[in-house]
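Residues per chain are reported as follows:
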Amino acid sequence: MIEHVDVIYGLAWGDEGKGKISNAMAKHYDWVCRWNGGPNAGHTVYVKGKKYKTHSVPSGIFAGKQCLIGPGCVININKMLEELRMLTMAEFDINLVKIHPNAHIITEEHIAYDKQHLSHLGTTSQGIAPCYADKMLRKGKRAVEVLEAKWIWDGQLSGKILCEGAQSVWLDIDHGDYPYVTSSTTMPYGACSLGFSPRKIRRLIGVAKAYDTKSGVDPLFPESLWDDSVLNSIIKFGDEYGSTTGRKRLVNWLNLDKLVHSIKLSGCTELIVNKCDILEKVGIYKVITNGELKEFSSLKEMKSFIYDTLIMADGSDLHEVTWSGDVEKI
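K.L.:
Explain the packing of aromatic side chains to me, using residue names and the numbers behind them.
P.N.:
Tallied over the full model, the rule gives six aromatic pairs. When the ring of Tyr52 is compared with that of Phe62, the centres are 5.5 Å apart and the planes differ by 35 degrees; the resulting orientation is tilted. You can see Tyr52 sitting in strand S4 (residues 50-54) and its partner Phe62 sitting in the loop between S4 and strand S5 (66-69), a full 10 residues away along the chain. Among the aromatic residues, those joined into a ring-pair cluster are Tyr52, Phe62 and Phe92. Here Lys236 stacks its cationic end above the ring of Phe237, 5.7 Å away from the centre of that ring. Positioned above the aromatic ring of Trp170 is the side chain of Lys258, whose terminal nitrogen or guanidinium carbon lies 3.9 Å from the ring centre.

Printed below as a string of structure tokens:
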């Protein structure tokens, strides 16, 4: 029987550090599950000082927890096996990883179509959109038809469940800046596709950064941002390179208007803001509010303004804000 479900998801354009949060919290759960996306996403996790990157396997693997890749995910078999080999070499127990039989399989044809027709939209050319398209056309291949039985999940979720999302609110296929979006549901209610009632959800933990970043093309992040020397220094200090593609992320100041909107839209109850230390290294503190830039004299002043704005936002269910560095308390 499921005791309760907590959901971690991104509130911006991805790359907020969700993997770090999931890894820090995983020890408190029985299952860590992924509900959307495929190898177009990635989590970067540090375990005992060593850096690991996963693209399909949930972060719970590092805490020795049962891991489920859900029916709303898409699988590249070769990349999945490569990831499992890496985890085996690092002495993590890959037998904990199971794949829902209804997850769909990415083919070479999907990847070729993506590269030829969709790269101008800023996709990762991983074949994600064509795979989801074939799923909707009822002609896709499912995991149960292709994978060895040992990887296929045939049980039920039970106990305490942690769900980790890929991408973020403003990349959601329904609510993002279409067509510069991903091909799956990134909103936290998408986690219910794993097979539980929404009444089981206890906490909706949204993750943001102290500044905004975007991988790939998006008119909301104009090319002119590359010319800003301060924003370029944030890229350097924040190591803002995509965990899947390695491409440099475009940086802008935190859009507080968009953050308020995503918190209310998603029903976020708890917010974690990562990478506050990067702004301290740069020594400049700004947010976009009411469509204009507002500058602060210190990180403390900026935090206070953000906190007051978010907590007092009309229609928000948010009741707690945690700043980067305090992940153990969550």
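K.L.:
An account of the environment of Ser56 is requested, with residue identities and associated values reported.
P.N.:
Structurally, Ser56 can be placed in the loop between S4 and S5. Under the relative-accessibility criterion, Ser56 is labelled buried at 7%. The spatial distance from the C-alpha of Ser56 to the C-alpha of Cys276 is 27 Å, given a sequence separation of 220 residues. Filtering out sequence-adjacent residues up to four positions away, Ser56 remains in contact with Arg34, Gly38, Pro39, Ile69, Met80 and Glu83.

K.L.:
An account of the sheet that holds strand S10 (residues 201-209) is needed here, citing residue identities and associated values.
P.N.:
What the eight strands build is an open sheet, ordered S7-S5-S2-S9-S1-S10-S13-S16; its pairing is parallel. Both outer strands of the open sheet, strand S7 (97-99) and strand S16 (320-323), are each paired with one neighbouring strand and no more. In this sheet, adjacent strand axes meet at a mean angle of 20 degrees when their direction is disregarded. With four bridges connecting them, strand S2 (residues 31-34) and S5 associate as parallel partners. Residue pairing for S5: Cys33 is matched across the bridge by Leu68.

K.L.:
Outline the pattern of salt bridges, listing residues and values.
P.N.:
Inspection of the entire model under this criterion finds 11 salt bridges. Between Asp6 and Arg203 there is a salt bridge, and its shortest N-O distance comes to 3.9 Å. One end of the pair, Asp6, is in strand S1 (residues 2-10); the other, Arg203, is in strand S10, with 197 residues separating them in the sequence. For the pair shown, Asp6 and Arg203 are each scored as buried. Look at the salt bridges and you will find they share partners, linking Asp15, Lys209, Glu240, Arg249 and Lys275 into a network.

K.L.:
I'd like to hear about helix H1 (residues 18-25), residue by residue, with values.
P.N.:
Three or four residues apart is the spacing at which side chains of an α-helix point the same way, because the helix has 3.6 residues per turn. In terms of burial, H1 is a largely internal element, seven of the eight residues being buried. Looking at H1, one finds that the buried residues are Lys18, Gly19, Ile21, Ser22, Asn23, Ala24 and Met25. Where H1 is buried, its residues meet S1, S2, strand S3 (43-47), strand S9 (159-168), S10 and strand S13 (270-274).

K.L.:
With reference to specific residues and values, describe the side chain of His100.
P.N.:
With respect to the helices and strands, His100 occurs in the loop between S7 and strand S8 (104-105). The buried category is assigned to His100, whose relative accessible area is 12%. In this structure, His100 is in contact with Leu68, Ile69, Gly70, Pro71, Ala143 and Trp153, ignoring residues within four places of it in sequence.

K.L.:
Which residues make up the environment of Glu109, and what are the values?
P.N.:
Mapped onto the elements, Glu109 comes out in helix H3 (residues 108-117). Using a relative accessible area of 57% as the deciding quantity, one classes Glu109 as exposed. In this structure, the C-alpha to C-alpha distance between Glu109 and Glu301, residues 192 residues apart in sequence, is 52 Å.

K.L.:
Describe the packing of H3 against helix H4 (residues 128-136), naming the residues involved and giving the relevant values.
P.N.:
Where H3 contacts H4, the two axes come as close as 7 Å, and the packing angle between them is 120 degrees. Judged by the inter-axis angle, H3 sits oblique to H4. Here the hand of the crossing between H3 and H4 comes out right-handed. Here His110, Tyr113 and Asp114 of H3 lie close against H4, whose contacting residues are Ile128, Pro130, Cys131 and Asp134. A breakdown of the residues in the contact of H3 with H4 according to their chemical character gives four nonpolar, one polar and two charged.

K.L.:
Residues and numbers for H3, please.
P.N.:
Every buried residue of H3 is listed here: His110, Ile111 and Asp114. Angularly, the buried residues of H3 cover 95 degrees about the axis, an arc narrow enough to put them on a single face. Residues Glu108, Glu109 and Gln116 are exposed on H3 and point more than 90 degrees away from its buried face. The secondary structure elements touched by the buried residues of H3 are S8 and H4.

Reading the values: the criteria
Residues numbered from 1 in each chain as written. Predicted model: local features only at pLDDT ≥ 70, side-chain atom pairs only at ≥ 80, totals over all residues. Heavy atoms only, no water. Phe/Tyr/Trp six-rings, centres within 6.5 Å; stacked < 30°, edge-to-face > 60°. Helix = DSSP H or I, 4+ residues; strand = E, 2+ residues; numbered from the N terminus. Lys NZ or Arg CZ within 6 Å of the ring centre and 35° of its normal. Buried < 20%, exposed > 50% of the residue type's maximum accessible area, 1.4 Å probe, protein only. Contact = heavy atoms within 4.5 Å. Pairing = 2+ DSSP bridges. Axes fitted to C-alpha atoms, helices over the stretch in contact; angles between N-to-C directions. Salt bridge = Lys/Arg side-chain N within 4 Å of Asp/Glu carboxyl O. Parallel < 35°, antiparallel > 145°, perpendicular 65-115°, else oblique. Left-handed = near helix turned anticlockwise from the far one by under 90°. Nonpolar A, V, L, I, M, F, W, Y, C, P; charged D, E, K, R; others polar. Arc of directions from axis to C-beta.

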